[in-house]
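# Results of the structural survey
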Amino acid sequence: MADSNPLLSELNSVESEPPVLHHKHLPSLDSRIERFIGDFGWAQFLQASLVSFSWFFDAQQTFITVFTDAQPTWHCTQLNDPHNSCNSASNVCQLPQNSWAWDRPRHTSTISEWALECSPSLVQGMPTSAFFMGCLIGGLALATLADTSLGRKNMLFLTCLVMSLSTFLTAFSSNIWIYSILRFITGFGRATIGTSALVLSTELVGRRWRGQVGVIGFFCFTLGFLSLPAIAYTQRAHSWRTLYFWTSIPTFLYCIMVHFLVRESPRWLFVQGRKEEAIATLKHMAPINGTTTKTALTSSFFSNLSFEQETRNVDLYSAIKVLVKRRWAFRRLSAVMAIGFGVGMVYYGMPLALGSLDFNLYLSVTFNALSEIPASLITVVFIDKVNRKTSVLVFTSLSGVCSIMSVLKGIHPIWTTIQIVFELVSFFSACSAFGVFLIFTIELFPTCVRNSAVSLVRQAVVLGGVFSPMLAAAGRVNGRFLSYGVFGVVVGVFGLFVVCLPETRGRGICDTMDEEEYKQRDSCLYNAVASDV
């Protein structure tokens, strides 16, 4: 009776294979899971969508200081006084306190509420820098927890919870120092949200839909980015604290949904040897049809499943050690981290530098956020049609060229508009490169170290973001080339590292380091034979 079921036949064939056969000759875990649950179903779609929605709240906290820490506008209050030198070109720090006033109430920005308008740029930018430093340190400290002890789901839940609580407490900050500390904690908490969500959502589906599912998170990030100018505009007359309050409550409610509704990755559960939980997840997602039923997925069928568990019973940072130990893995990791640094500098830097433009701040942020939508659409449409290496190279080069072009000065007044167009094209290209680049990184590393590798790459992206506020501030004072010009040079040069990476389009993902290494060797052998022929 068991032999009449294709699922049981496959499992029996796996269990009956001689143990002397090497791991590479066994059906991969990737192919078995796809056989059980199919490429894509409604259960997988709902799970992936719920997981990816964490990017919505991630985007809000990433760019919220664009509005809460904005430099407020001001006006002169003694226009008829002949001894008053106040005018629109004056420096408020050199004017008498009673000769000027803020256009809006003092509590609308941290700059005006805490009288930071004459403070050094380092102090004014401290909250943003603290946030990115928290992201960097948090990403390094939590890099491998999702691959080892916690798993993807628990990591996503805990990081979202920390981010929501610290965001809520930020609304009660009494000075710039407490504010910066809480922003650091928020950055520390959100450091692995995007990584855990991206890896978990893509591990729930088959290879055919992996790229499309990964892009769901990018859409959610765009929606979160777009929600900021809308919320900020409606609350423009209220305290900056309301932005933190109204973004923390929905995040906390989302944490509750993740805890009760999201399933752990069955691939990670198998790698950890937790077969019972993996089977329960597969049964939840498996389609009901004539050949494969949920009742067929029982523990006995997996009792003798041969699978190499490379990350069990080892220390916390074993995944990083494995990545550094294998030469091919270290070469890939170095290249993708270099690319991530260049992309991150543009991706985070351009929105932070929008205050130096002559456009309305709300519209500028909205236009940049809207440019992420076509970037995500392009990723969805072309992710299975264009090589990863070609896409990343083209987008990083285009971003670099347009970023440099945006600092060039022209005589005709229309050149100001053209500069804005170049800025938007550069940001759009960086967003497109970021989307393809993350999918590319997922496919370059096996399941046992995938979350750690993606986390390290995202920290390289954040490291680029750490330098962005300083460059944006320098560009406002000493000319745009120190911001947009440097952004363009860095992303263009570091994007060239993609030529060092193998192409991954259309291939299956591996689950162990050995499996990935065997696949690489087989590919090299095939290419060598083909060239000889």
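Residues numbered from 1 in each chain as written. Predicted model: local features only at pLDDT ≥ 70, side-chain atom pairs only at ≥ 80, totals over all residues. Heavy atoms only, no water.

Under an unreviewed UniProt entry, the name given to the protein is Organic cation/carnitine transporter 3-like, and the source organism is Prunus avium. In its Subcellular location (unreviewed entry) section, UniProt records this for the protein: "Membrane". (UniProt positions renumbered as here; feature names shortened; annotations may be inferred.)

The helix and strand inventory of the protein stands at 24 helices and two strands. Here the protein, with 533 residues, has 55% of them falling under the buried criterion. Of the contacts formed within the protein by residues at least 6 apart in sequence, a portion of 83% connects residues at least 24 apart. Split by element, the accessible area of the protein, about 22,100 Å² in all, is 66% carbon and sulfur. (Helix = DSSP H or I, 4+ residues; strand = E, 2+ residues; numbered from the N terminus. Buried < 20%, exposed > 50% of the residue type's maximum accessible area, 1.4 Å probe, protein only. Contact = heavy atoms within 4.5 Å. Areas by Shrake-Rupley, 256 points an atom, 1.4 Å probe, with all protein chains shown as cover.)

Within the secondary structure layout, Met257 lies in helix 13 (residues 241–261). A relative accessible area of 38% means that Met257 is categorised as partly exposed. For the pair Met257 and Phe157, spaced 100 residues apart in the sequence, the C-alpha separation amounts to 9.2 Å. In contact with Met257, not counting residues within four places along its chain, are Leu50 and Val262.

Before going further, it helps to spend a moment on the pattern of salt bridges. Under the defined criterion, the tally for this structure stands at three salt bridges. As a salt-bridge pair, Arg190 and Asp58 come within 2.7 Å of each other at their nearest N and O atoms. Taken together, the residues Arg190 in helix 10 (residues 176–190) and Asp58 in helix 4 (residues 54–63) connect sequence positions 132 residues apart. You'll find Arg190 and Asp58 in the same group, each marked buried. (Salt bridge = Lys/Arg side-chain N within 4 Å of Asp/Glu carboxyl O.)

We now examine the packing of aromatic side chains. One pass over the structure, following the stated rule, counts 31 aromatic pairs. Ring plane angle 70° and centroid distance 5.4 Å describe the contact between Trp114 and Trp240, whose orientation is recorded as edge-to-face. Of this pair, Trp114 sits in the loop between helix 6 (110–113) and helix 7 (121–124) while Trp240 sits in the loop between helix 12 (210–234) and helix 13, and the two are 126 residues apart along the sequence. Of the two residues, Trp114 and Trp240, both sit in the buried class. Chaining the aromatic ring pairs together yields one cluster made of Trp55, Phe63, Phe131, Phe132, Phe221, Phe225, Tyr347, Tyr348, Phe427 and Phe434. For the cation-ring pair, Arg236 lies above Tyr233, with the distance from its terminal atom to the ring centre recorded as 3.9 Å. (Phe/Tyr/Trp six-rings, centres within 6.5 Å; stacked < 30°, edge-to-face > 60°. Lys NZ or Arg CZ within 6 Å of the ring centre and 35° of its normal.)

Turning next to the packing of helix 4 against helix 13. Two elements in contact, helix 4 and helix 13, have axes separated by 10 Å at closest approach and are oriented at 155°. By the criterion of interaxial angle, the relationship of helix 4 to helix 13 is roughly antiparallel. Between helix 4 and helix 13 the crossing geometry is left-handed. Counting all contacts with helix 4, which are made through Ser54, Phe57, Gln60 and Gln61, the residues of helix 13 involved are Tyr244, Thr247, Pro250, Thr251 and Tyr254. (Axes fitted to C-alpha atoms, helices over the stretch in contact; angles between N-to-C directions. Parallel < 35°, antiparallel > 145°, perpendicular 65-115°, else oblique. Left-handed = near helix turned anticlockwise from the far one by under 90°.)

Moving on, we get to the environment of Phe53. Tracing the backbone through its elements, the reader meets Phe53 in the loop between helix 3 (42–52) and helix 4. A residue is classified by how much of its surface remains accessible, and Phe53, at 32% relative accessible area, is partly exposed. A C-alpha to C-alpha distance of 8.1 Å links Phe53 and Ile216, two positions 163 residues apart in sequence.

A few words on helix 16 (residues 318–325). Within helix 16 the residues assigned to the buried category are Ser318, Ala319 and Leu323. Down the axis of helix 16, the smallest arc covering the buried residues is 140°, so these residues share one side. (Arc of directions from axis to C-beta.)

Its location among the elements puts Ser227 in helix 12. Accessibility expressed as a relative area gives 14% for Ser227, which makes it buried. Ignoring anything within four residues of it in the chain, the contact list for Ser227 reads Phe56 and Gln60.

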